[in-house]
Every structure is written in C-alpha cells, then in structure tokens.
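# Summary of the model geometry
One-letter residues, chain by chain:
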Amino acid sequence: QVQVVESGGGLVQTGGSLRLSCAASGSGFSINVMNWYRQTSGKQRELVASISDGGGAKYSESVKGRFTISSDNTKNTVSLQMNSLKPEDTAVYYCAVSVYSRESGLNTYWGQGTQVTVSA
C-alpha cells in the first residue's frame, strides 16, 4: 500500500505564487509517473502536469510557462511551483502517483487534495 500526502495549498492574490508538495510513502514499489490534477466543482478532474521517473515533464496548455513540476526520486516526492496565478487556477489540486510493485503491478494512488484559491 502506498500513501500519498499533499501540502502547500492556500489563498493567494492574482499574480502570486504557491508551491505544492506531495510525498509517496510505503514499501516495495517504484515510481512510474507522478501527476498533479485539479478539479473545480461540477467539472471533470484535469491533468495539470506530470513527470516521469526519467524526468520528462508535460503540462496542460493552460499552465504551460507558469507552472513547473519537479521530483526527487530518492525521496519519492513531487512539487508543483505555480507562478503568475490566475483566478481560474482556483481548484482542489490532487497528487496522483503511478507506481509499480511486484505484488500488485501498476497502480495509481491519490492524495486527499489541497485547496488553492486565487483571489481577483
């Protein structure tokens, strides 16, 4: 079993910055991909950014150039640096970690979510 815990959400003004962090803990697994999703009420969960175990990063068009995803494979952590925040970035942000284990194969584990609110 893998536990995923996010931190770092909060309230910020338009144009401000926030940094989200996520840590995956447990044993007997290896990280495949670490992702950040976000969701607002009544909308589908949106993939914001992802980073592979090799370090390759991808971003949604809506955040490209403003958000940066980074990971530390030795600590099983991933961060999302969010700059130039806009009110439309307001959402609950979720960390999702895709891991491989010999016991159960490939699975994705989700954190509980952290609220990010950008005031106009």
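First, a word on what this report is: a plain description of the structure on this page. (Residues numbered from 1 in each chain as written. Predicted model: local features only at pLDDT ≥ 70, side-chain atom pairs only at ≥ 80, totals over all residues. Heavy atoms only, no water.)

### Focus on the state of the cysteines
Under the definition given, this model contains one disulfide. The disulfide bridge from C22 ends at C95, spanning 2.1 Å between sulfur atoms. For the disulfide bridge between C22 and C95, the dihedral angle about the S-S bond is near -75°, and by the sign convention the bridge is left-handed. Highlighted residues: C22 in strand β3 (residues 18-26) and C95 in strand β9 (residues 91-101), separated in sequence by 73 residues. On the basis of relative accessibility, which here comes to 2%, the residue C22 falls in the buried class. Note on C95: relative accessible area 0%, which makes it buried. (Disulfide = S-S within 2.5 Å. Helix = DSSP H or I, 4+ residues; strand = E, 2+ residues; numbered from the N terminus. Buried < 20%, exposed > 50% of the residue type's maximum accessible area, 1.4 Å probe, protein only.)

### Considerations on the sheet that holds strand β8 (residues 77-82)
One open sheet holds the four strands; their spatial order is β1-β3-β8-β7, and the pairing between them is antiparallel. Every other strand in the sheet has two partners, leaving β1 (2-7) and β7 (67-72) as the edge strands with one partner each. This sheet shows a mean twist of 15° between the axes of neighbouring strands, independent of strand direction. One ladder, built from six bridges, connects β1 with β3; its direction is antiparallel. Opposite V4, over in β3, you have A24 as the bridge partner. (Pairing = 2+ DSSP bridges. Axes fitted to C-alpha atoms, helices over the stretch in contact; angles between N-to-C directions.)

### What about the environment of I69?
Its location among the elements puts I69 in strand β7. Classification of I69 as buried rests on a relative accessible area of 5%. Residues I69 and R19, 50 residues apart in the sequence, show an inter-C-alpha distance of 9.8 Å. When residues no more than four places from it in sequence are discounted, the contact partners of I69 are M34, W36, A49, S50, I51, A57, Y59, V78, S79 and L80. (Contact = heavy atoms within 4.5 Å.)

### Considering the nonpolar core
A general tendency of soluble globular proteins is for nonpolar side chains to be buried together. Core analysis: the biggest nonpolar cluster contains 29 residues, and W36, L80, M82, Y93 and V97 have the highest contact counts within it. If you list the elements that add at least two residues to this core, you get β1, β3, β4 (30-39), β5 (46-52), β7, β8, β9 and β11 (114-119). Looking at which element gives the most residues to this core, the answer is β9, with five residues. Discounting residues that sit within four places of it in the chain, V97 has contacts with V4, C22, A24, I31, V33, M34, N107, T108 and Y109. (Core = buried A, V, L, I, M, F, W, Y, C linked by side-chain atoms within 4.5 Å.)

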